[in-house]
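# Inside the fold
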Amino acid sequence: MANGQWYPPEWPDRIRALAEGTLTPVTPKRAATVMLLRDSDGTPAVHMLRRRASMAFAGGAYAYPGGGVDPRDDDHRIRWAGPTRAWWAERLGVDETSAQAIVCAAVRETYEEAGVLLAGPSEDTVVGDTTGEEWEADRAALVARDFSFAEFLDRRGLVLRSDLLGAWTRWITPEFEPRRYDTWFFVAVLPEGQRTRNASTEADRTVWIQPREAAEGYDKGELLMMPPTVATLRQLLPYATAADALAAAPARDLTPVLAQARLEDGELVLSWPGHAEFTKHIPKGGAPA
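This report concerns the structure included in the present document. Treat the numbers as computed from the prediction; the structure is a model and nothing was measured.

Scoring rules and cut-offs
Residues numbered from 1 in each chain as written. Predicted model: local features only at pLDDT ≥ 70, side-chain atom pairs only at ≥ 80, totals over all residues. Heavy atoms only, no water. Core = buried A, V, L, I, M, F, W, Y, C linked by side-chain atoms within 4.5 Å. Buried < 20%, exposed > 50% of the residue type's maximum accessible area, 1.4 Å probe, protein only. Helix = DSSP H or I, 4+ residues; strand = E, 2+ residues; numbered from the N terminus. Contact = heavy atoms within 4.5 Å. Axes fitted to C-alpha atoms, helices over the stretch in contact; angles between N-to-C directions. Parallel < 35°, antiparallel > 145°, perpendicular 65-115°, else oblique. Left-handed = near helix turned anticlockwise from the far one by under 90°. Pairing = 2+ DSSP bridges. Salt bridge = Lys/Arg side-chain N within 4 Å of Asp/Glu carboxyl O.

This part takes up the nonpolar core. Leu92, Leu117, Phe152, Leu165 and Phe186 are the most contacted members of the largest nonpolar core, which has 41 residues in total. Those elements giving two or more residues to this core turn out to be strand E1 (29-40), helix H2 (85-92), helix H3 (96-114), helix H4 (133-143), helix H5 (149-156), strand E8 (165-172) and strand E9 (181-189). The greatest single-element share of this core, amounting to nine residues, is contributed by H3. Those residues in contact with leucine 165 that sit more than four places away from it in its chain are Val34, Trp88, Val103, Ala106, Val107, Leu118, Phe186, Val187, Ala188 and Leu246. Core analysis: the second largest hydrophobic core is formed by 35 residues, Val46, Phe176, Val187 and Ala259 among them.

Structure representation (structure tokens):
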């Protein structure tokens with residue numbers, strides 16, 4: 001493997017089946033993931049986790065906190081700070097109820113997997129410490145889906161700080177994958193007073209790492225990652241501070257990136273539009289190159 005691109009062995013057969021019309025694509029589920037940033041020696045550092053090797057999807061790969069949208073958060077009105085739901089709906093390309101649920105998923109997953117909560121008792125505050133027993137009990141209940149994130153905010157009397165998030169990019173899992181997600185990537189700055197921790201049952205390691213270092217690790221084949229992770233790391237390189245990256249988010253293009261597979265001169269070609277570095281050529285009956 002020349003680099004650390006995650007590539008499941010079953011992909012060639014599934015790609016061929018899709019090209020031949022014998023595979024019906026699965027409808028993607030809504031999801032959100034967050035690049036949590038903090039300043040580090042003249043460049044942002046990003047919080048990443050390594051998925052356990054036993055995970056069915058992308059085991060061993062480095063990623064950001066993230067997960068699926070809870071439909072219970074669609075229409076439960078919550079206390080909300082920052083841009084309006086209508087603004088977020090236009091930004092994300094969805095309706096207002098879906099926009100609320102996607103933003104809730106981003107904030108919830110950051111809390112569930114990193115212990116960082118982008119919410120506070122008022123529109124201009126954030127909670128300072130989420131490590132106590134009661135906080136941990138609520139976090140575990142969220143992971144178990146005992147109640148929705150909207151209900152959690154109500155129980156705690158908290159305001160969701162949507163102004164602390166910036167929508168960065170959007171990727172849709174390829175049509176040949178058995179598990180598919182329509183994922184919005186967000187950036188956020190680590191709130192003052194809060195600390196990250198490995199709170200995820202799906203990760204065996206977490207790190208704060210500079211995007212350049214992480215991308216170089218991928219290029220050397222030392223760090224396993226999926227294409228969206230590598231692409232977003234490279235997109236962070238121009239920014240000197242975490243605040244600079246967050247400020248740049250509203251101007252970014254959210255046109256979804258969806259992999260394409262085509263037959264060309266007897267081989268399958270897998271590509272991600274706008275991201276030539278991830279193109280794979282799969283000879284008939286052979287391994288990807």
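This is not the end of the story, as more comes after the structure.
Following the sequence through the fold, alanine 243 ends up in helix H8 (residues 242-248). Residue class for alanine 243 comes out partly exposed when judged on its relative accessible area of 48%. C-alpha separation for the pair alanine 243 and alanine 19, spaced 224 residues apart in sequence, amounts to 44 Å.

To continue, consider the packing of helix H6 (residues 211-219) against helix H7 (residues 227-236). Two numbers describe how H6 lies on H7: the axes approach to 8 Å, and their chain directions differ by 140°. Classified by the angle their axes make, H6 and H7 are oblique. Considering how the two elements wind past one another, H6 and H7 form a crossing that is left-handed. On H7, the residues that touch Pro211, Ala214, Ala215, Tyr218 and Asp219 of H6 are Val230, Leu233, Arg234 and Leu236.

This part covers the sheet that holds strand E12 (residues 260-264). If you trace the three strands from one edge of the open sheet to the other, you get E12-E13-E14, paired in antiparallel fashion. Of all the strands in the sheet, the pair left with one neighbour each is E12 and strand E14 (275-283). Neighbour-to-neighbour, the strand axes of the sheet open up by a mean angle of 25°, direction not taken into account. Pairing of strand E13 (residues 267-272) with E14 involves five bridges; the strand directions are antiparallel. By the bridge assignment for E14, tryptophan 272 is matched with histidine 275. Against the sheet, helix H1 (residues 11-20) engages E12, E13 and E14, with an angle of about 95° to E13. On top of the sheet, H7 reaches E13 and E14; it is set at about 155° to E14, its chief contact.

Another point: the pattern of salt bridges. Oppositely charged side chains may form a pair once their charged atoms are brought near each other. Inspection of every chain in the model, using the stated rule, returns 14 salt bridges. We note a salt bridge from arginine 234 to aspartate 219, for which the minimum N-O separation is 2.7 Å. Note that arginine 234 is positioned in helix H7 and aspartate 219 in helix H6, a separation of 15 residues in sequence. Judged by relative accessible area, which is 38%, aspartate 219 ranks as partly exposed.

A few words now on the pairing of E13. Of all six residues in E13, five are buried; the element is thus mostly enclosed. Sheet topology places E12 next to E13; five bridges connect them, and they run antiparallel. By the bridge assignment for E13, glutamine 260 is matched with serine 271. Where E13 hands over to E14, the hairpin turn is made up of two residues, of which glycine 274 adopts a positive phi near 85°.

Within the open sheet, the three strands sit side by side as E5-E7-E6. Their pairing is mixed. The strands lining the two open edges of the sheet, one partner per strand, are strand E5 (80-81) and strand E6 (119-120). Note: E5 against strand E7 (residues 159-161), two bridges, orientation parallel. Along E7, the bridge assignment pairs alanine 81 with arginine 161.

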